[in-house]
Amino acid sequence: MTTENQAAIEQEKEYMERLAKQDSYPLWAFHRDGDRHPPKAAPWVWRWKEMRELAYEAGRLERIKGQGYRRALLMQNPGLKAAGMATPSSTKTMSSAIQIVWPGEIAEAHRHTAAAIRWVIEGSGAFTVQDGEQFRMEPGDLNLTPSFVWHDHKNPSDEPVIWLDCLDAPMVGFFDAMFQEPFPEDVQPITKPDGYSNASIGNGLMRSVSSEVTGRALPLNYKWADAYAALQAMNEGSRYDGIIMEYTNPTTGGHTMPTLACKLQQLRPGFHSDAHKHTSSVVYNVAKGSGSSIIDGKKLDWGFGDTFVVPSMNAHEHINDSMSEDAVLFSMSDLPLLESMLLYQEHHVDRQEVTGTIG
Ligand code: GTQ
Ligand code: FE2
């Protein structure tokens, strides 16, 4: 190194110190020292067997009782955890949890700016109450808790009920728009007849002429039998996803909620998808059957109840090896927000060579 270079380096160092005193940083140095590692989510899986056992244990923990909160186990992405992301999240944009509602128990009423979905995995005796209407929740049902809707859960049956919660909380937190408030009572009064919200949208085919189309999501319940029948009746699929349909917002015909898109997809016997990657991140839960996905070159075998994530821009393809049984995946993604920012991109890639495994 010449003395001249050495002098230049010293000079810049001294200059940068003066910039730091002004809370400033030179863009050229930021680009040049390009080995920064932004927190990156890893493709990952949380196994149903383990999460179910841990949920049951949480159900028996005394200390949680009466604390107005939820027996929910957040599934924390190890990539984000390692990078020091403060909120335990499954992807950069979504948090998800396995929640158990113990027999006879209520999860007290509250509301928050973050929107949530519940995807029921096991048990059929629980209800969620949303803005005065109660919804019975059974395995394979999807229930929406849109932003700022009052909600409490209850399980008057004698069997635990377990569901997957998914929230847009990391996105809401990014905007510093996260807040929450408790309802004055443990449970909210039921002020609407059963089926009220579904009736207000003519089961998805009609709209009340007195209602405004606002884009706001309703706290709807989508039944497993209806969603699965829709897939069975469908004959056109995607080369990347097999038979795939979105749970639509019936008032707009668009995405499930303003921030989250929920989909159900069927991999028919023997199906091996093509591979692609996209800017949206996806949380999956296995609804039926078994199979595998190759994500970023690593093979992940999955079966009923497993939750796994495909982070943004990770190449992925899905496989159903069974020649007799179909496989069904429920998924949730941040697609709506990416689309509204014109940031959604999708790219075809070659089918991947397997270089490792996940889980
Ligand atoms: O059930 O209301 O997993 O408020 C995280 C936050 C569940 C809920 C979660 C919540 C809930
Ligand atoms: Fe909540």
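A quick note: this is a predicted structure, and the numbers were derived from the prediction, not measured. Numbering of residues starts from 1 in each chain and follows the order in which that chain's sequence is written. Numbering of ligands from 1 and lettering of chains from A proceed in the order in which they are written. At least 70 in pLDDT is required for a residue's local features to be given in this predicted model, at least 80 for side-chain atom pairs to be given and counted, and no such filter applies to totals for whole chains, interfaces and linings, which use all residues. Side-chain numbers come from the whole structure's heavy atoms, not from hydrogens or water.

Engineer: Can you help me understand the environment of Ser197 in this one?
Structural biologist: Put simply, DSSP marks the helices as runs of H or I at least four residues long and the strands as runs of E at least two long, and each gets a number from the N terminus on. Here Ser197 is to be found in helix α6 (residues 196-200). Counting along the chain gives 14 residues from Ser197 to Phe183, while the straight-line C-alpha distance between them is 21 Å. Side-chain polar atoms of Ser197 contact the side chain of Glu133, separated by 2.7 Å. Polar contacts here mean pairs of N or O atoms no more than 3.5 Å apart (in protein, one a potential hydrogen donor and the other a potential acceptor; neighbouring residues in sequence count only if both atoms are side-chain atoms).

Engineer: When you look at unusual backbone geometry in this model, what are you seeing that I'm missing?
Structural biologist: Keep in mind that most residues, glycine aside, have a negative phi and that most peptide bonds are trans. The phi dihedral of Asp23 falls on the positive side, at around 50°, and the residue is not glycine. Note on placement: Asp23 falls in the loop between α1 (3-21) and α2 (27-32). The backbone phi angle of Asp296 is positive, close to 50°, even though this residue is not glycine. Position of Asp296 among the secondary structure elements: in the loop between β17 (291-295) and β18 (298-302). Type-normalised accessible area, obtained with a 1.4 Å probe on protein chains alone, sets the label of each residue: buried when under 20%, exposed when over 50%, and partly exposed for intermediate values. Judged by relative accessible area, Asp296 falls into the partly exposed class, the value being 44%.

Engineer: Just to check I follow, could you spell out the site of ligand 1 for this structure?
Structural biologist: In the neighbourhood of ligand 1, the contacting residues comprise Tyr69, Arg70, Ala72, Ala97, Gln99, His110, His112, Arg118, His151, His153, Asp165 and Leu167. Within the side chain of Arg118, one N or O atom sits 2.9 Å away from an oxygen atom of ligand 1. A distance of 2.8 Å separates an oxygen atom of ligand 1 from a polar atom in the side chain of Asp165. A total of 290 Å² of accessible area belongs to ligand 1 in isolation, and the protein chains cover 93% of it. Elements supplying a minimum of two residues to the shell around ligand 1: β3 (95-101), β4 (106-112), β9 (151-154) and β10 (161-167). Throughout, the ten residues Ala, Val, Leu, Ile, Met, Phe, Trp, Tyr, Cys and Pro are labelled nonpolar, Asp, Glu, Lys and Arg are labelled charged, and all others, Gly among them, are labelled polar. For the shell around ligand 1, a count of residues per class yields four nonpolar, five polar and three charged. Residues are counted as near a molecule or strand when any one of their heavy atoms sits within 4 Å of it. Using a 1.4 Å probe, accessible areas were evaluated by the Shrake-Rupley method; residue-level cover was limited to the displayed protein chains.

Engineer: What exactly am I supposed to notice about the state of the cysteines here?
Structural biologist: Any covalent bond linking the sulfur atoms of two cysteines counts as a disulfide. The term disulfide is used for any two cysteine sulfur atoms that are within 2.5 Å. Inspection of the entire model under this criterion finds zero disulfides. Considering cysteine sulfurs only, Cys262 is the nearest to Cys166, which forms no disulfide, with 7.5 Å between them. Overall, Cys166 belongs to the buried group, its relative accessible area being 1%.

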